[in-house]
Amino acid sequence: QVQLQESGPGLVKPSETLVLTCTVSGRSVTTASDYWGWIRQPPGKGLEWMGAMAPSGNTYYSPALKSRTSISRVTSKNQLTLQLRSVTPEDTALYYCAGALAGARFGYYAPWGQGTPVTVSS
């Protein structure tokens, strides 16, 4: 019912800003009590929560990424965006957007997008 689709460049050069878009269908990104987040998985590593946005538009970030991460939304398009500044090859990962919907257990994200791969290389 609720579907998410990530999009963005597959290749980004070091020091550039990565910009990803998540288009949500079937549920408004402003729905009360919903949180929408970004999670990534580097090759051979586990999932890393990057940050999330509350219905109010307030954002929350992983301490490790807070200094260079920005999450925003375009409500008219029912989209979320992710900006990751000053990328390095260590930012190479599969990037997901996901929803923590109202009524779900704290920290439980569902549904997820299929993920979009990002490679940081010159």
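Refer to the structure printed above.
Residues numbered from 1 in each chain as written. Predicted model: local features only at pLDDT ≥ 70, side-chain atom pairs only at ≥ 80, totals over all residues. Heavy atoms only, no water.

> Where do I start with the side chain of Thr69 in this structure?
Within the secondary structure, Thr69 sits in strand E7 (residues 69-74). On the basis of relative accessibility, which here comes to 2%, the residue Thr69 falls in the buried class. A distance of 2.7 Å separates a polar side-chain atom of Thr69 from the backbone oxygen of Leu65. For Thr69, the residues in contact, after removing those within four places along its chain, are Tyr61, Leu82, Gln83, Leu84 and Arg85. (Helix = DSSP H or I, 4+ residues; strand = E, 2+ residues; numbered from the N terminus. Buried < 20%, exposed > 50% of the residue type's maximum accessible area, 1.4 Å probe, protein only. Polar contact = N/O pair within 3.5 Å; in protein donor to acceptor, adjacent residues only side chain to side chain. Contact = heavy atoms within 4.5 Å.)

> So what exactly am I meant to see when it comes to the sheet that holds strand E1 (residues 3-7) here?
The strands making up a sheet are joined through hydrogen bonds of the backbone, oriented either antiparallel or parallel. Strand order in this open sheet of four strands is E1-E3-E8-E7, and the pairing throughout is antiparallel. If you trace the sheet from one side to the other, it starts and ends with E1 and E7, each paired once. Between one strand and the next, the sheet's axes are offset by a mean angle of 20°, whatever the strand orientation. Here six bridges tie E7 to strand E8 (residues 79-84), and the two strands are oriented antiparallel to one another. Looking at E8, one finds that Ser72 is bridged to Thr81. (Pairing = 2+ DSSP bridges. Axes fitted to C-alpha atoms, helices over the stretch in contact; angles between N-to-C directions.)

> Where do I start with the pairing of strand E5 (residues 48-53) in this structure?
If a strand is regular, its side chains alternate between the two faces of the sheet. Sheet analysis places strand E4 (residues 35-41) next to E5, joined by five bridges and oriented antiparallel. Bridge pairing in E5 links Trp38 to Gly51. The hairpin formed by E4 and E5 contains six residues between the paired strands, and Gly44 there has a positive phi angle of roughly 75°. Bridge count between E5 and strand E6 (residues 59-61): three bridges; the pairing is antiparallel. The partner of Gly51 across the bridge, within E6, is Tyr61. Between E5 and E6, which pair antiparallel in sequence order, lie five residues; one of them, Gly57, sits at a positive phi of approximately 100°.

> Looking at this model, I keep getting lost on unusual backbone geometry. Mind explaining?
Glycine aside, negative phi is the norm for most residues, and most peptide bonds take the trans geometry. Omega for the peptide link from Ala110 to Pro111 comes to 10°, which places this bond in the cis form. As for its placement among the helices and strands, Pro111 is situated in the loop between strand E9 (93-100) and strand E10 (116-120). Phi is positive for Ser15, close to 80°, though the residue is something other than glycine. Here Ser15 shows up in the loop between strand E2 (11-12) and strand E3 (18-25).

> I would appreciate a short explanation of the sheet that holds E5 in the present structure.
The sheet built from six strands is open, its strands ordered E2-E10-E9-E4-E5-E6 with mixed pairing. Since the sheet does not close on itself, it has two edges, and those belong to E2 and E6, each with one partner. Where E2 and E10 come together, two bridges link them in parallel fashion. Counted as the bridge partner of Val12 is Val120 from E10.

By themselves, these figures tell us nothing about what the structure is for.
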